[in-house]
Amino acid sequence: MEVDREDGRSQNQLRPLACSRNILHRAHGSASWSQGDTKVLAAVYGPKAGTKKNENPEKACIEVIWKPKTGQIGKPEKEYEMILKRTLESICILTVNPNTTTSIIVQVVNDDGALLPSAINAACMALVDAGIPMKHLAVAICCCVAKSGYVILDPTKLEEQKMKAFAYLVFPNSVRSVLPEGSLRVEGEPIENGIITSVTHGIMSVDDYFYCLERGRAASVKLSDFLRRNLQQQSTDSSKAG
Amino acid sequence: MEGRLANSWRLTVNDKNFIKTALLSEIRIDGRKPFEYRKISIKFGREDGSSEVQLGQTRVMGMVTAQLVQPYRDRPKEGILSIFTEFSPMADPSFEPGRPGELAVELGRIIDRGLRESRAVDTESLCILAGKFVWAIRIDLHILDNGGNLVDAANIAALASLLTFRRPECSLGGEDGQEVIVHPPEIREPLPLTVHHLPIAISFGFFSNESILVIDPTHNEEAVMGGRMTTTVNANGDICAIQKSGGEGVRQRVIMQCLQLATSKAASITKQIKDAVEVFNTERALRKVKRHPTSTGVDVREKQN
């Protein structure tokens, strides 16, 4: 069904994406990610020696610090830190540098909806910029379910508040393989069909959730293409002096 | 995570000697002359009151927000101005998250003194109902990248944010005129703050050979220098604040030289800030004109950076 969104987008249309890497000088890796008006800055320092007290020293450890735009750090920020940490732990290869800590600092520059997905995308790009070894990229998207049942992607803050429920979904990036059998398979299913993280707010039916997953996965293919183009372009035209 | 030697950054003895010897022949390691400022770029975000300033490699983000609160009891007719500095761990590997260290507190205090004591921001216009409701302006400064001379960059960010911030218009209502109605920005245009003058902070570094003086030190020079002084002056030639805490002693004529230099630099920086704010205001006015969104059926659009 045709849906009227305030900024004229269609149901499955994402906002304009912009991403730039290596913008900070002291950080080992940095990236700025913006989806429409939502803008997030991420910086990576690492690997640094030693792990924190309760972490396993046989693996690398990831530490996330979330800095809100204004105000004190409270429970929502701690929750974002935890979600980011677990998501990034599952995409980084933790056995390469044991007993080290990689710190990721996320700074919210502007919040206009889909903040956590933007942060995950920015953190992933910053890790690539820092050269931290990863299994694959994490591509995050936000899907909302409205009261009348339709699903829209990448809402603005106003749209998010009006929706019945929304879900933040993180998928591995789509694979472009030269091998004839395509991507790696886990138990018969290609690896990019998996979900890394899913956080939902509000009530939605099981069918709605699966519909969101389907839409989200389709959008993640487009996002992966954008990431791939962006990474390839920047690695060819900028010469990093370290 | 304290006591982590891996986090602390130290300049090697060779680097330090190189910087000092180069300064004897008036050469700075980034190619500037001793009294030359780095390039300043001031950008604004989408919202009113959000600015991002880049001074060479130093990057600071400023954000201004306002809230209606009860005024202090000894100043019932004045609004409240508070500055919060965040030394984000992304700026420097030695910045730890959590409570602000002494550098952060000192930076906040210098900027605070420059703005508050010199009455740059008019706090009496922030009063809505004397004794009951006043606007509390909160300035958040996030240091994103430490390339040296954080005070100056943070000060410019604070000023740029204050100049572009707009507070909602409110009027008195209710049965006895004691209720405050805050009008949303769509109904009534928000108002800018009254800023009388712009106090600009200019920092100097002194080196062990006391005739060596540099303006706007980078973080390599900061690790080598023997003393620092920050003077806050405005374009009219008024001295708003001077901060020289410890470090090596300097002669009076050096201080006078610094003040004269600072006044001339302040004029050019003030002009730069005002020009940037002008551009932002024009853009903002143009944005108010509602345009029909030009979107075609492309699922993912991308901007070239």
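Residues numbered from 1 in each chain as written. Chains lettered and ligands numbered in written order. Predicted model: local features only at pLDDT ≥ 70, side-chain atom pairs only at ≥ 80, totals over all residues. Heavy atoms only, no water.

Our focus in this paragraph is the overall build of chain B. Counting its regular elements, chain B contains five helices and 14 strands. Along the three orthogonal principal directions, the C-alpha set of chain B runs to about 70 × 60 × 45 Å. Looking at chain B residue by residue over its 305 residues, the buried ones come to 47%. Long-range contacts, defined here as pairs at least 24 residues apart, represent 71% of the contacts in chain B between residues at least 6 apart. For chain B, the exposed area adds up to about 15600 Å²; of that, 51% sits on carbon and sulfur atoms. Treating the 39 positive side-chain charges of chain B as one cloud and the 39 negative ones as another, the clouds have centres 2 Å apart. (Helix = DSSP H or I, 4+ residues; strand = E, 2+ residues; numbered from the N terminus. Buried < 20%, exposed > 50% of the residue type's maximum accessible area, 1.4 Å probe, protein only. Contact = heavy atoms within 4.5 Å. Areas by Shrake-Rupley, 256 points an atom, 1.4 Å probe, with all protein chains shown as cover. Lys, Arg positive; Asp, Glu negative; His and termini not counted. Charge placed at Lys NZ, Arg CZ, Asp CG, Glu CD.)

Residue and element names in this part refer to chain B. Turning to its location among the elements, Arg166 is positioned in strand E7 (residues 166-167). Although buried, Arg166 forms no salt bridge, and the nearest oppositely charged side chain, Glu189, lies 4.7 Å from it. A polar side-chain atom of Arg166 sits 3.3 Å from a polar atom in the side chain of Asn281. Setting aside anything within four residues of it in sequence, one finds Arg166 in contact with Asp48, Pro190, Leu191, Pro192, Asn281 and Arg284. (Salt bridge = Lys/Arg side-chain N within 4 Å of Asp/Glu carboxyl O. Polar contact = N/O pair within 3.5 Å; in protein donor to acceptor, adjacent residues only side chain to side chain.)

All right, on to the pattern of salt bridges then. Tallying each qualifying case throughout the model produces 27 salt bridges over all chains. The residue Arg26 of chain A makes a salt bridge to Asp92 of chain B at a minimum N-O spacing of 3.0 Å. Placement of Arg26 of chain A in the loop between strand E1 (17-21) and strand E2 (29-35) and of Asp92 of chain B in the loop between strand E4 (80-87) and helix H2 (102-116) is noted, with the two residues assigned to different chains. Like Arg26 of chain A, the residue Asp92 of chain B is buried in the burial classification. The residue Arg32 of chain B makes a salt bridge to Asp216 of chain B at a minimum N-O spacing of 3.2 Å.

Attention now goes to the UniProt feature "domain: Exoribonuclease phosphorolytic" (unreviewed entry) in chain B. UniProt's entry tags residues 36-168 and 197-264 of chain B with the feature "domain: Exoribonuclease phosphorolytic" (unreviewed entry), counted in the numbering of this structure. Helix makes up 23% of residues 36-168 of chain B and strand 37%, and the two end C-alpha atoms of the span are 40 Å apart. (UniProt positions renumbered as here; feature names shortened; annotations may be inferred.)

The next thing to look at is the pairing of E2 of chain A. Residues and elements named next belong to chain A. Most of E2 is tucked away: seven of the seven residues are buried. Relative to E2, E1 runs antiparallel, the two being bridged by five bridges. For Ala18, the partnering residue across the bridge sits in E2 and is Ser34. Alignment of E2 against strand E3 (residues 38-49), held across seven bridges, turns out to be antiparallel. Bridged to Gly29 within E3 is Val44. Between E2 and the antiparallel strand that follows it, E3, lie two residues; Gly36 among them carries a positive phi value of about 65°. (Pairing = 2+ DSSP bridges.)

Core analysis: the biggest nonpolar cluster contains 65 residues, and Trp33, Trp66, Leu84, Leu88, Ile104, Leu127 and Ile141 of chain A have the highest contact counts within it. Ranked by residues supplied to this core, first place goes to helix H2 (residues 115-130) of chain A with ten residues. One finds Ala154, Ala158, Phe165 and Ala262 of chain B within the second-largest nonpolar core, a separate group that totals 59 residues. (Core = buried A, V, L, I, M, F, W, Y, C linked by side-chain atoms within 4.5 Å.)

Right, let's talk about the confidence of the model for chain A for a bit. In low-pLDDT segments, the atomic positions of the prediction should not be examined closely. Confidence in the prediction of chain A, expressed as mean pLDDT, is 87, and 89% of residues score 70 or more. The spread of mean pLDDT over the elements of chain A runs between strand E9 (residues 185-186) of chain A, the lowest at 64, and H2 of chain A, the highest at 95. (pLDDT = per-residue confidence, 0-100.)

Residue and element names in this part refer to chain B. In this fold, Ile110 is placed in helix H2. Measuring from C-alpha to C-alpha, the distance between Ile110 and Leu193 comes to 21 Å, with 83 residues separating the pair along the chain. Apart from the residues lying within four places of it in its own chain, the contact partners of Ile110 are Val151, Thr230, Thr232 and Gln243.

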